[in-house]
Amino acid sequence: MYTVKIPGYSIGGAEVYREIGTICRPFGRKVAVLGGETALSKAWPALAAALKETDLVCTGRFVYGKECSFAGAQRLQDMPEVAEADMLFAVGGGKAIDTVKIVAGKTGKPFFTFPTLASTCAAVTSIAAVYKEDHRFDAAFDVNQPPVHTFIHEGIIAEAPAKYLWAGIGDSLAKYYESRLSARGRDIGHGNELGVCISGMCAAPLQNAAIAGYQSCLRNEVTPELRETVLNCIVSTGFASVFLDPDYNSAIAHSLTYGLVELPAVETGHMHGEIVSYGVLILLLVDGQQEEFERLYRFHRGMGLPTSLADLDASVEELDPVLAKAVTTYDLNVLPYQVTEDMLRKAILALEDYDAARKEAE
């Protein structure tokens, strides 16, 4: 037996928050609102107005901290206002939402998410990426229950720095290519097959809307293209992750990312989804998908996503520790073939040559 739980979701303007009375009231009356400092400042006016239209009572609103950590979650859990709440509202980006997931998991309280960025799919999944207070990765925490409902205020996302949406697009691309590579030639069962099918939304549907959607975000403007981009970055990617086993959720793009962040300039100067998007190009070259590589390369150039090591402040001379780390990650556990350092190096060098030739021709 297996059980799959997925959240409901709503997308729109301030009217989305006015759904909380209908959707949240069956879970109690008392609400603790937890999130990022900036996110709360942006979302609270609309959320407070929506709360006034209901008989829900806010026990308090609190900033989660700076990092998603077990210590930070415990600090929130120990607050009387959180303890007395019937439910939790998680407001913000991935780190804020993931912190609330830990609190919900430890207390058994239902939680609802209010994403203010579209940089990750955290708003619809049950997994939290937990870090130590010094920002080093600690563990993955599974609350075993996704949010009950996700309220997506696209106006707030449109006004957020566009770089977060840009990185979210880069990360979402990988879901399509990595899940298909990992699942190739395997009898993966209904749930995983469904996850692979959903990941298809991160191919043409996302890519067709993404450039215009990103441009809309740069203008702080809500458009149909922005909505499609946000839905694919948050919902399509997240739902695919919910259905996919961990072995089919990532592959070469993420393994290379974990190698590249061994380099301080990459780790501190570049966003996760940005680095992953570069890894997707390498995946396609490793796998011999030349035509798809060339098509996606054009998409990357149109989006301003990285197409060379220099775009990530890295160089060929620094590859040894990157590749040594990359081939040890769990992301490569289930693939149609063994990925070696030499395969990755050849693909990276091929991309360097291809990129240099295209830019010189321009």
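Structure: see above.
Starting afresh in each chain, residues are numbered from 1 along the sequence in its written order. Where local features are concerned, this predicted model is filtered to residues with pLDDT of at least 70; where side-chain atom pairs are given and counted, the filter is 80 or more; whole-chain, interface and lining totals use all residues. With hydrogens and water stripped out, all remaining heavy atoms of the structure feed into the side-chain values.

Visitor: Would you take a moment to explain the overall build of the protein for this structure?
Guide: In terms of regular secondary structure, the protein is built from 16 helices and eight strands. In terms of C-alpha radius of gyration, the protein reaches 20 Å, essentially the compact-globule figure of 21 Å for 362 residues. The principal-axis extent of the C-alpha atoms belonging to the protein is close to 60 × 40 × 40 Å. Three labels apply to residues, based on accessible area from a 1.4 Å probe with only protein chains included: buried if under 20% of the type maximum, exposed if over 50%, partly exposed otherwise in between. Scored against the burial criterion, the 362 residues of the protein give a buried share of 56%. Secondary structure counts use DSSP, requiring at least four H or I residues in a row for a helix and at least two E residues in a row for a strand, with both numbered from the N terminus. For the radius of gyration, the atoms used are the C-alpha atoms, and the globule rule reads 2.2 Å times the number of residues raised to 0.38.

Visitor: For this particular structure, what's the right way to read the pattern of salt bridges?
Guide: Close approach of charged atoms allows side chains of opposite charge to pair. Put simply, a salt bridge is a Lys or Arg side-chain nitrogen that is within 4 Å of an Asp or Glu carboxyl oxygen. Counted under the stated rule, the structure contains 15 salt bridges. A salt bridge links Lys95 to Glu67; the shortest N-O distance between them is 2.7 Å. On the criterion of sequence distance, the pair formed by Lys95 in helix H5 (residues 94–107) and Glu67 in the loop between strand S3 (57–63) and helix H3 (70–77) is long-range, its members being 28 residues apart. Overall, the relative accessible area of 35% leaves Lys95 in the partly exposed class.

Visitor: I tried to follow the nonpolar core on my own but got confused; where do I start?
Guide: Burial of nonpolar side chains together is a common tendency in soluble globular proteins. Only buried residues count toward a nonpolar core. Its members are Ala, Val, Leu, Ile, Met, Phe, Trp, Tyr and Cys residues joined through side-chain atoms within 4.5 Å. Counting 98 residues, the largest nonpolar core has Leu88, Val230, Ile234, Ile252, Leu260, Tyr278 and Ile282 as the members making the most contacts within it. Dropping the residues within four chain positions of it, Leu260 is found in contact with Val266, Ile275, Tyr278, Leu309, Leu312 and Val322. With 23 residues, the next largest nonpolar core counts Ile20, Val33, Leu47 and Ala48 among its residues. The criterion used for residue contact is that any of the two residues' heavy atoms lie within 4.5 Å.

Visitor: Please explain the packing of aromatic side chains as it appears in this structure.
Guide: Here the distance between the centres and the angle between the planes together describe a pair of aromatic rings. Pairing of aromatic rings covers Phe, Tyr and the six-membered ring of Trp, with a centre-to-centre limit of 6.5 Å; geometry is then stacked below 30 degrees between planes, edge-to-face above 60, and tilted otherwise. Under the defined criterion, the tally for this structure stands at twelve aromatic pairs. Counting every residue linked through ring pairs, the aromatic cluster contains Tyr17, Phe27, Phe89, Phe112, Phe114 and Phe151. The side chain of Lys95 reaches across the aromatic face of Tyr131, ending 4.4 Å from its centre. Look at NZ for Lys and CZ for Arg. If either is within 6 Å of the ring centre and within 35 degrees of the ring normal, a charge sits over the ring.

Visitor: Would you explain unusual backbone geometry in this entry?
Guide: Most peptide bonds are trans, and most residues other than glycine sit at a negative phi. Positive phi values are uncommon outside glycine, yet Asn220 reaches one of about 55°. Positionally, Asn220 belongs in the loop between helix H9 (204–218) and helix H10 (224–243). Even without a glycine there, the phi angle at Asp313 is positive, about 60°. Residue Asp313 is classed as partly exposed on the basis of its relative accessible area, which comes to 47%.

So, to be careful, I would describe these as geometric facts and stop short of saying anything about function.
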